[in-house]
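As a plain string of letters, each chain reads:
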Amino acid sequence: MLTALHTRDAFLQELLQAEATEIERRLYLAFPEPNDDQMIQYLRDDMRLENQLFEMALLARGFANHYRRPDPYQVGVIIVGLRHASPGENPWAVMFSANTKPSKNYIKQCGEWWLFEGALKENGHRTLRRILAIHVVGEPRADDVSGPQGVTQITLTPCKICRDRMWAMSLHAPKMVQAKWTPLIVPTTLVKTADYRNLGIRKYFRADELHPFHKEPKAIFSAQAIDD
Ligand SMILES: [Zn+2]
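A quick note: this is a predicted structure, and the numbers were derived from the prediction, not measured.

The next thing to look at is helix H3 (residues 47-60). The end-to-end C-alpha distance of H3 is 19 Å, a good match for the 20 Å that 14 residues give at a rise of 1.5 Å each. What H3 keeps buried is the set Glu50, Leu53, Phe54, Met56, Ala57 and Ala60. Axial view of H3: buried residues confined to an arc of 160°, hence all on one face. Exposed side chains of H3 directed beyond 90 degrees from the buried face belong to Met47 and Arg48. Buried residues along H3 sit against helix H1 (4-30), strand S2 (76-83), strand S3 (92-98), strand S5 (128-138), strand S6 (190-195) and strand S7 (198-206).

Our next topic: the pairing of S2. Among the eight residues in S2, six count as buried, and that is most of the element. The sheet contact formed by S2 and S3 spans seven bridges and is antiparallel. Residue pairing for S3: Leu82 is matched across the bridge by Trp92. With eight bridges joining them, S2 and S5 adopt antiparallel strand pairing.

What follows deals with the nonpolar core. Core analysis: the largest hydrophobic core is formed by 49 residues, its most contacted members being Ala57, Ala60, Val77, Ile78, Ile79, Phe96 and Ile131. Going through the elements one at a time, H1, H3, S2, S3, helix H4 (111-120), S5, helix H5 (160-171) and S6 are the ones with two or more residues in this core. With seven residues, the single largest contributor to this core is S5. Setting aside residues up to four positions removed in sequence, Ile79 forms contacts with Met95, Leu115, Ile131, Ala133 and Ile134.

Moving on: H5. Counted at 1.5 Å a residue, the expected span for H5 with its 12 residues is 16 Å, and the 16 Å between its end C-alpha atoms agrees. Turning to H5, its buried residues number three or more, namely Lys160, Ile161, Cys162, Arg163, Asp164, Arg165, Met166, Trp167, Ala168 and Met169. Looking at the buried positions of H5, the neighbouring elements they touch are H4 and helix H6 (210-213).

Turning next to the packing of H1 against H3. Remark: H1 packs on H3, axes separated minimally by 11 Å, with the N-to-C direction vectors making an angle of 160°. By the angle between their directions, the pair H1 and H3 is classed as roughly antiparallel. Note on packing geometry: the crossing formed by H1 with H3 is left-handed. In this structure, H1 uses Leu12, Leu16 and Glu19 to contact H3, whose residues at the interface are Met56, Leu59 and Ala60. Its residues assigned to classes, the contact of H1 with H3 comprises five nonpolar, no polar and one charged.

Relative to the helices and strands, Lys101 resides in strand S4 (residues 100-101). Taking the C-alpha atoms as reference points, Lys101 and Asn65, 36 residues apart in sequence, are found 6.0 Å from one another.

Mapped onto the secondary structure, Thr21 falls in helix H1. The spacing of Thr21 and Val94 is 73 residues in sequence and 7.3 Å in space, taken between C-alpha atoms.

Right, let's get into the sheet that holds S5. One key point about sheets: their strands pair by backbone hydrogen bonds, in either a parallel or an antiparallel sense. Strands sit in the order S3-S2-S5-S6-S7 across an open sheet of five strands; the sheet is mixed. With one partner strand each, in any of the chains shown, S3 and S7 form the two edges of the open sheet. Here the average twist between neighbouring strands, direction ignored, is 20°. Across the face of the sheet, helix H2 (residues 36-45) comes into contact with S2, S5 and S6 while running at roughly 15° to S5.

Before going further, it helps to examine the confidence of the model for the chain. For the chain, the average pLDDT comes to 89, and 89% of its residues sit at 70 or higher. In the predicted structure, residues 222-228 sits below a pLDDT of 50 and forms 15 contacts with residues beyond four places in sequence or in another chain.

So, about the pairing of S6. Two elements, S5 and S6, share six bridges in a ladder whose sense is parallel. By the bridge assignment, Val136 is partnered in S6 with Thr193. Of the strand pairs in this sheet, S6 and S7 are connected by six bridges, and their pairing is antiparallel. Residue pairing in the sheet places Thr193 in a bridge with Lys203 of S7. Once S6 ends, the chain turns through two residues before running back antiparallel as S7.

Analysis parameters
- Residues numbered from 1 in each chain as written.
- Predicted model: local features only at pLDDT ≥ 70, side-chain atom pairs only at ≥ 80, totals over all residues.
- Helix = DSSP H or I, 4+ residues; strand = E, 2+ residues; numbered from the N terminus.
- Expected span 1.5 Å × (residues − 1).
- Buried ≥ 20, exposed ≤ 12 C-beta atoms within 10 Å, placed from the backbone.
- Arc of directions from axis to C-beta.
- Contact = placed C-beta atoms within 7 Å.
- Pairing = 2+ DSSP bridges.
- Core = buried A, V, L, I, M, F, W, Y, C linked by C-beta atoms within 7 Å.
- Axes fitted to C-alpha atoms, helices over the stretch in contact; angles between N-to-C directions.
- Parallel < 35°, antiparallel > 145°, perpendicular 65-115°, else oblique.
- Left-handed = near helix turned anticlockwise from the far one by under 90°.
- Nonpolar A, V, L, I, M, F, W, Y, C, P; charged D, E, K, R; others polar.
- pLDDT = per-residue confidence, 0-100.

Structure follows, in structure tokens:
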């Protein structure tokens, strides 16, 4: 039997998927043979598309499964990337997810984490060849790791685990699933962030700016335990 929650999730899934598919179609019409660097530039500059993607990320927060009550921690994430595609196939990919941590003692999995996993593996195959832009909408707060170092936030930036993972992915690091392929993330991959209470409050990074912003060295793997 479907509960009200399942029905709502199914509706949200359908709504976001329809919107993602429409954006993929539109981007394919505009850019049937996308060049990665040019497309990163395009995604940096197209504010109308950015607004739409942030609105989608806001909705994607509804998929969060976080233990905190009464106000669970909800982070919606949208990525825009390019699939491996044959000539004549649409390479554009718009994917959405949210964070999960169902109980206090449960391991946290960020919206970014779910999307990186999804981008790397689908039936054992890599889904995307490149992530061009990541959009994160959540509740701004001091970062678990850099907050104590005095780094303040107006938006929520990817956590230390995600920062390290993105850096590792961009390096072609050994032991990463993608070692045989070109890097899924590049130093110029856009990381766009916005406050869920006011999507007009935004902050932009390139993937390679995340560590300097958080006043920490770039690391391949994070040993730091993080709460949420
Ligand atoms: Zn994270």
